[in-house]
Every structure is written in C-alpha cells, then in structure tokens.
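What the coordinates show
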Amino acid sequence: MLKLGINIDHVATLRQQRRGQEPDPISAALLAETAGADSIVCHLREDRRHIQEQDLHILRGAIKTKLNLEMAASPEIIKIACQEKPDWVTLVPEKRAELTTEGGLDVEKRSGYLKDVVSEFRKSGIPVSLFIDADANQIEAAVKTGAETVELHTGRYADAATEKERDAELKKIAAGSNMAKSLGLKVAAGHGLDYRNVRPITRIPEIEELNIGYSIIGRAVFIGLEEAVREMIKLIRRGKC
Ligand code: PXP
C-alpha cells in the first residue's frame, strides 16, 4: 500500500512568522498521525527558518509512526541527526536563498563525500534516502553510496507548464523508479504534489511512499488538518488497497 509522509515544516514556517508558539508543528504531527499518516517529515535547515532543534527533539519522543528527517549533508546537522536518531534521514541539497528545496542532490558530483556520510549514518543505525532527480546517472551514483532509498524529485512534474511537458516529466519519473527498484533501491517521491496532480504518480508501481507538505497544510487552513490528510490518503490509495 502506498504510504504517505506528511511534511510539517509549513506549520513551523507560520509559527516563525511571529516567533510565537502557534501553530505548533508537534500538534500537527500528532493530528496527521491520527488521520492515518505513515510518517512525519521535517527539515532541519541550516538557517532554522522553520523547524527548530527543540521541535525535532520533541517530535522524536512524541510521534508513534516514523520520523523522516530531511537535511543537508553538513557536519553540524549530521551531528544533530545522529543524536536524535530519526527513523531515517533524507539528504537534500540546501541553498540559503531558496524558498524550498529546488532540485535534487548532485550525488554524482559529491559521491565520495556522500558515501562517507551514508556509512557514518549506517554506523549509527540510521538508514539514508537521497533526494534526487529521476536521472539515470544520479540513480547509479546513489546505488554506489550505499543508500537504501531514493526519493525522486517531482517538482518539475508538478510545475510543468503544458500537458506535453508534464507527460514527459511523468515518463522520466516512471523510468527512474523502475531503474532504481531494479538496482535494489527503495523508491519514494515528493515535492509539489497536490490534490490535482498526485494521481498519475500513484500509478507508478515502484513508488512506495509519497512525501507531501505544502498542499496538505494549505488545504488544512480551510478544512482542518485531519480532514486534509484523510482526503489525500483517499486519493492516493484509490483502487490500490
Ligand atoms: N520531499 C522533499 C525531499 C522535500 O524537500 C519537500 C519539501 O520540503 C517535500 C518532499 C514536500 O514538498 P511539498 O511541501 O511541496 O509537498
């Protein structure tokens, strides 16, 4: 059954607008779990623009599903991750000026370093997922690092301006998923997925998990978080149970 990870960064973004207490990302995580989320995703950015270290620490103790920590492969965050022990980490590229993670990790270019990072995590008992574009060279490079999972970047698919472009991106994601699975990797996907564009992605059989944040938190403003999570679960599992 296709799993759903809920990214709660956007709740913390709103809280940080006033540096106040509300809305609380921990409460969001618990509500998402009640509604059926399979995992909770948060990104501890180097600039701490949304999730704070304390959030991560409380989340680790509070949630009952799985904690997926998104992070840059930087020594400072690696140290925190090894202390907090999320169920797995997803390594993403990070640029200070970006609004959100803009592209996949260039595993090819940083293969030696990432191999060392993956083995450091393995020593701490933490599996690693690499957030990459659905590109054959990146997938091959990901295998060589020893990572267990790749999360394929669906942002270009989500942002496609025309149907032709969108179909071409979908084909790349399907081919990448197939290749990754055949090379022994687990396959996840995410970024920019919403209630309108998610269905074609759910039909790719190799994808085991979707990680979605922005669209669900946005919908939650109007219908509440539990209902927004339930709607997405219904949508991604339609005909798949
Ligand atoms: N997966 C990864 C690796 C991400 O960086 C993000 C954004 O934080 C998401 C999934 C979720 O993207 P969105 O918020 O657009 O649903």
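Everything below is about the structure printed above this text.
Residues numbered from 1 in each chain as written. Predicted model: local features only at pLDDT ≥ 70, side-chain atom pairs only at ≥ 80, totals over all residues. Heavy atoms only, no water.

**Structural notes on the pairing of strand β6 (residues 149–153)**
Summarising burial for β6: five of the five residues are buried, a large majority. Across four bridges, the pairing between strand β5 (residues 128–132) and β6 is parallel. Bridging from a neighbouring strand, Phe-131 pairs with Glu-151 of β6. Here β6 runs beside strand β7 (residues 186–190); their pairing, made up of five bridges, is parallel. Opposite Glu-151, over in β7, you have Ala-188 as the bridge partner. (Buried < 20%, exposed > 50% of the residue type's maximum accessible area, 1.4 Å probe, protein only. Helix = DSSP H or I, 4+ residues; strand = E, 2+ residues; numbered from the N terminus. Pairing = 2+ DSSP bridges.)

**Overview of the site of the ligand**
Near the ligand lie 14 residues; those nearest to it are Glu-70, Glu-151, Gly-192, Gly-213 and Tyr-214. The backbone of Gly-192 places a nitrogen or oxygen atom 2.8 Å from an oxygen atom of the ligand. Between the ligand and Tyr-214, the relevant distance is 2.9 Å, taken from an oxygen atom to a main-chain nitrogen or oxygen of the residue. In isolation the ligand exposes 400 Å². Once the protein is present, 96% of that is buried. Counted by class, the shell around the ligand contains four nonpolar, eight polar and two charged residues. (Near = heavy atom within 4 Å. Polar contact = N/O pair within 3.5 Å; in protein donor to acceptor, adjacent residues only side chain to side chain. Areas by Shrake-Rupley, 256 points an atom, 1.4 Å probe, with all protein chains shown as cover. Nonpolar A, V, L, I, M, F, W, Y, C, P; charged D, E, K, R; others polar.)

**Describing the side chain of Thr-90**
You can see Thr-90 is positioned in strand β4 (residues 88–91). For Thr-90, the side chain forms a polar contact with the side chain of Asn-68, separated by 2.7 Å. Among residues more than four places away in sequence, those in contact with Thr-90 are Asn-68, Leu-69, Glu-70, Met-71, Ser-129, Phe-131 and Glu-151. (Contact = heavy atoms within 4.5 Å.)

**Brief notes about the pairing of strand β8 (residues 207–212)**
Of all the six residues making up β8, five are buried; the element is thus mostly covered by neighbouring parts of the structure. The pairing of strand β1 (residues 3–7) with β8 spans four bridges and is parallel. Paired with Leu-4 across the strands is Leu-210, a residue of β8. By the bridge criterion, four bridges tie β7 to β8 in an arrangement that is parallel. Within β8, the residue paired with Gly-190 across the bridge is Asn-211.

**So, the layout of surface pockets**
Over the atoms rolls a probe the size of a water molecule, and its path tells where empty space is left. As a volume, the second largest pocket reaches approximately 380 Å³. What lines the second largest pocket is a set of 20 residues, and nearest its centre among them are Lys-3, Trp-88, Thr-149, Lys-186 and Glu-209. Among the elements of the structure, β3 (66–71), β4, β5, β6, β7 and β8 are those that each provide at least two residues to the lining of the second largest pocket. Residue classes in the lining of the second largest pocket are distributed as five nonpolar, six polar and nine charged. (1 Å grid on protein atoms, 1.4 Å probe; cavity = no way out; pocket = protein on both sides within 12 Å on 5 of 7 lines; lining within 4 Å. Points joined across faces, edges and corners; volume = space filled by probe spheres on them.)

**Details of helix α2 (residues 25–34)**
Turn by turn, an α-helix covers 3.6 residues, leaving residues three or four places apart pointing in a common direction. Where α2 is concerned, the buried positions are Pro-25, Ile-26, Ala-28, Ala-29, Ala-32 and Glu-33. Projected onto a plane normal to the axis of α2, the buried residues spread over an arc of 160° and lie on a single side. Along its buried surface, α2 packs onto β1, α1 (9–18), β2 (39–43), α3 (53–62) and α11 (225–237). Once α2 ends, the next one or two residues include Gly-36, with phi positive near 115°. (Arc of directions from axis to C-beta.)

**Thoughts on the packing of aromatic side chains**
The description of an aromatic ring pair uses the distance of the two centres, along with the angle that the planes make with each other. In this structure the tally under the stated criterion is zero aromatic pairs. We note Arg-219 situated over the ring of Tyr-195; from NZ or CZ to the ring centre the distance is 5.8 Å. (Phe/Tyr/Trp six-rings, centres within 6.5 Å; stacked < 30°, edge-to-face > 60°. Lys NZ or Arg CZ within 6 Å of the ring centre and 35° of its normal.)

**Examining unusual backbone geometry**
Where the residue is not glycine, phi is negative for most of them; where a peptide bond is considered, it is trans in most cases. Omega for the peptide link from Glu-22 to Pro-23 comes to -10°, which places this bond in the cis form. You can see Pro-23 is positioned in the loop between α1 and α2. Backbone geometry places Arg-48, a non-glycine residue, at a positive phi of 50°. Structurally, Arg-48 is set in the loop between β2 and α3. Assessed through its relative accessible area of 15%, Arg-48 is described here as buried. Positive phi is not limited to glycine here, since His-191 has a value of about 110°. Structurally, His-191 is set in the loop between β7 and α9 (198–202).

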